[in-house]
Amino acid sequence: MTSGDLWRMSDECGEYALSPLPWYPGNLAWHLNLSRKQLRKNPAVESFHEFLKHESEVGNVTRQEAVSMVPPLFLNVQAGHHILDMCAAPGSKTFQLLEMIHQSKEPGLLPTALVIANDLKVQRCDVLIHNTKRMCTANLIVTNHEAQSFPSCSLAKDDSEAYKDHCKPQRLEFDRVLCDVPCSGDGTLRKSHDLWRKWSSSMGNEFHLLQVNIAMRGIALLKVGGRMVYSTCSMNPVENEAVVAELLRRSGSSVELLDVSTELRELVRRPGLGTWKVNDRGSWFQTHEDVPDSRKNVILPSMFPSSTSIHESHKVYNSFDVNSEYNVPFSRNFNIEDTNNVNCDTGGISSSNSAQSLDSKFPLHRCMRIVPHDQDGGAFFIAVIHKLSPLNENQVIKVRKTENLLSKNRTVKLQEQCQHRIVSEVLDDNKLLDEQTKLSVANQTSKDDNLTEVKMASDVEYSQTESGDRSRRMDKLDYQHKWKGIDPVLFFKDEAVIKNIVSFFGIEESFSLEGHLVTRSTDNARRIYYVSKAVQDILELNIQVGEQIKIASLGVKMFERHRSKDGCSCAYRLSYEGLSLLFPYMRKRILHASPVDFQHLLQYRTINFARFADARFGEEAASMMPGCCVVVLREGYQIADSIASDPSPIAIVCWRGKATMNVLVSPADRKELLEYRFGIKAFKVEDEKSNKNIDALAEESL
């Protein structure tokens, strides 16, 4: 993207098109003052649109609704934190959390923190894996559970036992929990025009109990002293303040609602409401007593600000009706008298003139309401909860009783309906996501005609391992795994293979592979993933408790089995995804290419040893034993040792074949390197250039 592109965009918008969000730390978030139509259809910004799509694909940029980036910022993530994202798909907030833990690490070291990103639907987990895969992190686990039933994996009978062994966790608990729950999504009406046809004022009632149960589970999994952020993209108090009040009511003195008004001062926000009414089928109610008897099993006491009894609400949970009213069209034929009594957001003060309006006894003004017209964006509700002490036994029993009364079938039905109604917080182009997914799979599965000397194992990623139609493949496995349709997570313990890998690539002892390598295959592991120490501990705990966690994806792919007949002494090759993590600890199989030869490798992918512009580099490549290697960009005439000691050089994974050097990097990543380092914009995915073209370009460069 050039300055000319920016000026053309600015002319179209009448003001500068890109500007940093003042409330986001470090100027890491920018506002694009273009509509979706302008971005897609306007020829003046076509190059910028292509830039956005490509940078999103390789993980340098995440496109997202600005206001949906707020909740993770209030988690106050610190180094070493264990973080749970309970309803994570499509993954933009998870990506934010991963960026935070990697920023807090010491240079050259893996973070000690970890993120567990969970979602109910397998299909949504696929999208989550696709979006977070760009991070190439060893500190992520993607799980597939109902959020309100997320397992605790407890080995300890009580809290005293849980902390006996400080080296190994005895219970799955988290320092931070992000509880961005399914909701009616009315805060996204400005960008999601289809929602106008489906939305009704009582729609939030259908989500209330599910939201309470998910958030209560988050509190139960939260460590004492930890922080949970509850958020929705809805403005309905039944989904917001009513849920928070019920959490405080159930938890008693175990939690407190934090006042975070001094954090992110540039963010324009309004306080939470203290009183509201509940709508049901066109009628507005101030208290649960006002609700007709025929509807009291649907309109719950916890939806009202005056509710004081948990037991009262338990009486009606058993018959909670989850039948959806999604198809009820939005009606503009409101009775004017009814609309005059609707509460508005006026700094937490109800606009109702009724003398019978009852305020909540909880400090709900500490919640945050972000409304669209305050800063030209979407709407969001955020509450920050701090855990002061463990939930007492009575509170836990009440929570479990409520969960048991709500049958599993009804819960699944409601959540499946929620998935159809959830409005993605990412400012994505749905077609773009489809294109990215197809391209990602195509990049991994395509057979390059030029790479004739190396027959690698298929690079199909989550579409065949962590996701896709797993059930059919699991029927073929002899291994009896607890979760049907999900490949098991097995520690890779073949010492002979590990020693061979360490010796072949010269991996230093300071980068330990023992206990950090896992595979999803039950025999003849095709892919080996690397996980951090924190993830390793969680996996060991999960095994000890009988594999209660359903893991869809984890870690970063580090090694892949190859089927080359070139005489390579190591059965595995490096994966480009794990190169940045492993390379600082490699001391063998490294070549240093001049800028000219490095550029040609990226452009043409396969080059004969005799065709390199630097004859010495060609000789070094020819003298190396066949197999996987790493080619590093040599800047100027720096010596090799100084480059090898650089923790972040520009490097690519290659295969030294019989007579050629072949690049094992996806077209998207090669394109990114070419544009970033060499400024070459015209790049074709296909490798169609002949050696004559290479010779000509080499002569021009010299």
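Source: prediction; values computed, not measured.

Draft legend 1. Main features of the overall build of the protein chain. Of the regular secondary structure elements, the protein chain holds 25 helices and 24 strands. Residue pairs at least 24 apart in sequence account for 76% of intrachain contacts in the protein chain once pairs closer than 6 positions are excluded. Per element, the accessible surface of the protein chain, about 31,300 Å² overall, is 49% carbon and sulfur.

Draft legend 2. Geometry of unusual backbone geometry. Between Ala 89 and the following residue, Pro 90, the backbone shows a cis peptide bond with an omega angle of 10 degrees. The topology assignment puts Pro 90 in the loop between β3 (82-85) and α5 (92-103). Of note, Asn 27 is a non-glycine position whose phi angle comes to about 55 degrees, a positive value. Located in the positive-phi region is Asp 376, a residue other than glycine, with phi close to 50 degrees.

Draft legend 3. How the structure looks around the sheet that holds strand β22 (residues 627-633). Taken together, five strands build an open sheet; the order of strands is β20-β22-β23-β24-β21 and the sheet is mixed. Taken across any chain shown, the strands that pair with only one partner, and hence form the sheet edges, are β20 (590-593) and β21 (606-608). Between one strand and the next, the sheet's axes are offset by a mean angle of 35 degrees, whatever the strand orientation. Across three bridges, strand β23 (residues 651-656) lies against strand β24 (residues 660-663) in antiparallel orientation. Paired with Trp 655 across the strands is Asn 662, a residue of β24. Against the sheet, helix α21 (residues 595-604) contacts β20, β21, β22, β23 and β24, and its axis sits at roughly 125 degrees relative to β22.

Draft legend 4. Here's a closer look at the packing of aromatic side chains. Tallying each qualifying case throughout the model produces 10 aromatic pairs. Within the aromatic cluster, the residues linked to one another by ring pairs are Phe 504, Phe 505 and Phe 559. When the ring centre of Phe 95 is taken as origin, the NZ or CZ atom of Arg 134, which lies over that ring, is 4.5 Å away.

Draft legend 5. Structural detail: helix α3 (residues 46-58). For α3, with 13 residues, the first-to-last C-alpha span of 19 Å sits near the 18 Å given by 1.5 Å per residue. The set of residues buried in α3 consists of Phe 48, His 49, Leu 52, Lys 53, His 54, Glu 55, Ser 56 and Val 58. In the segment just after α3, Gly 59 is the residue with positive phi, at about 95 degrees.

Draft legend 6. Spatial organisation of the UniProt feature "binding site: S-adenosyl-L-methionine" (unreviewed entry) in the protein chain. With numbering aligned to this structure, UniProt lists the feature "binding site: S-adenosyl-L-methionine" (unreviewed entry) at Cys 87, Ala 88, Ala 89, Pro 90, Gly 91, Ser 92, Lys 93, Asp 119 and Asp 180. Their sequence span is 94 residues, while the largest C-alpha to C-alpha distance among them is just 13.2 Å; these annotated residues converge on one region. Inspection of the secondary structure puts Ala 88 in the loop between β3 and α5. A residue is classified by how much of its surface remains accessible, and Ala 88, at 2% relative accessible area, is buried. Here Ala 88 is in contact with Thr 94, Ala 117, Asn 118, Asp 119 and Leu 128, once residues within four sequence places are set aside. In this fold, Ser 92 is placed in helix α5.

Draft legend 7. Spatial organisation of the confidence of the model for the protein chain. Per-residue confidence for the protein chain gives a mean pLDDT of 77, with 70% of residues at or over 70. Contacts for the low-pLDDT stretch residues 419-480, under 50 throughout, to residues beyond four places or in other chains number 153 contacts. Predicted confidence for residues 685-702 stays below pLDDT 50, and this span has 24 contacts to residues more than four positions away or in other chains.

Draft legend 8. Quick peek at the pairing of strand β16 (residues 527-530). What you see with β16 is no split at all: Arg 527 and Tyr 529 on one side and Ile 528 and Tyr 530 on the other are buried throughout. With two bridges connecting them, strand β15 (residues 517-519) and β16 associate as antiparallel partners. Bridge pairing in β16 places Leu 517 opposite Tyr 530. One ladder, built from four bridges, connects β16 with strand β18 (residues 556-561); its direction is antiparallel. Considered in β18, the bridge of Arg 527 is made with Glu 560.

Draft legend 9. Fine view of the nonpolar core. Ranked by internal contacts, the top residues of the largest apolar core, which has 65 residues, are Ile 116, Leu 172, Met 228, Val 244, Leu 539 and Leu 554. Counting residues per element, this core draws most heavily on helix α9 (residues 208-221), at eight residues. Mapped onto the domain boundaries, this core takes at least three residues apiece from domain 2 (66-152 + 168-270 + 359-425) and domain 3 (490-561). Beyond its immediate chain neighbours, meaning those up to four positions away, Leu 172 contacts Ile 116, Phe 150, Pro 151, Ser 152, Cys 153, Leu 221, Ile 538, Leu 541 and Ile 549. Core analysis: the next-biggest nonpolar cluster, separate from the first, contains 42 residues, Ala 88, Leu 140, Val 142 and Ile 382 among them.

Draft legend 10. Focus on the environment of Pro 595. Take Pro 595: it is sitting in helix α21. Classification of Pro 595 as partly exposed rests on a relative accessible area of 28%. In this structure, Pro 595 is in contact with Leu 633, Arg 634 and Phe 678, ignoring residues within four places of it in sequence.

What counts, and where the lines are drawn
- Residues numbered from 1 in each chain as written.
- Predicted model: local features only at pLDDT ≥ 70, side-chain atom pairs only at ≥ 80, totals over all residues.
- Heavy atoms only, no water.
- Helix = DSSP H or I, 4+ residues; strand = E, 2+ residues; numbered from the N terminus.
- Contact = heavy atoms within 4.5 Å.
- Areas by Shrake-Rupley, 256 points an atom, 1.4 Å probe, with all protein chains shown as cover.
- Pairing = 2+ DSSP bridges.
- Axes fitted to C-alpha atoms, helices over the stretch in contact; angles between N-to-C directions.
- Phe/Tyr/Trp six-rings, centres within 6.5 Å; stacked < 30°, edge-to-face > 60°.
- Lys NZ or Arg CZ within 6 Å of the ring centre and 35° of its normal.
- Expected span 1.5 Å × (residues − 1).
- Buried < 20%, exposed > 50% of the residue type's maximum accessible area, 1.4 Å probe, protein only.
- UniProt positions renumbered as here; feature names shortened; annotations may be inferred.
- pLDDT = per-residue confidence, 0-100.
- Core = buried A, V, L, I, M, F, W, Y, C linked by side-chain atoms within 4.5 Å.
- Domains from an automatic or database assignment.

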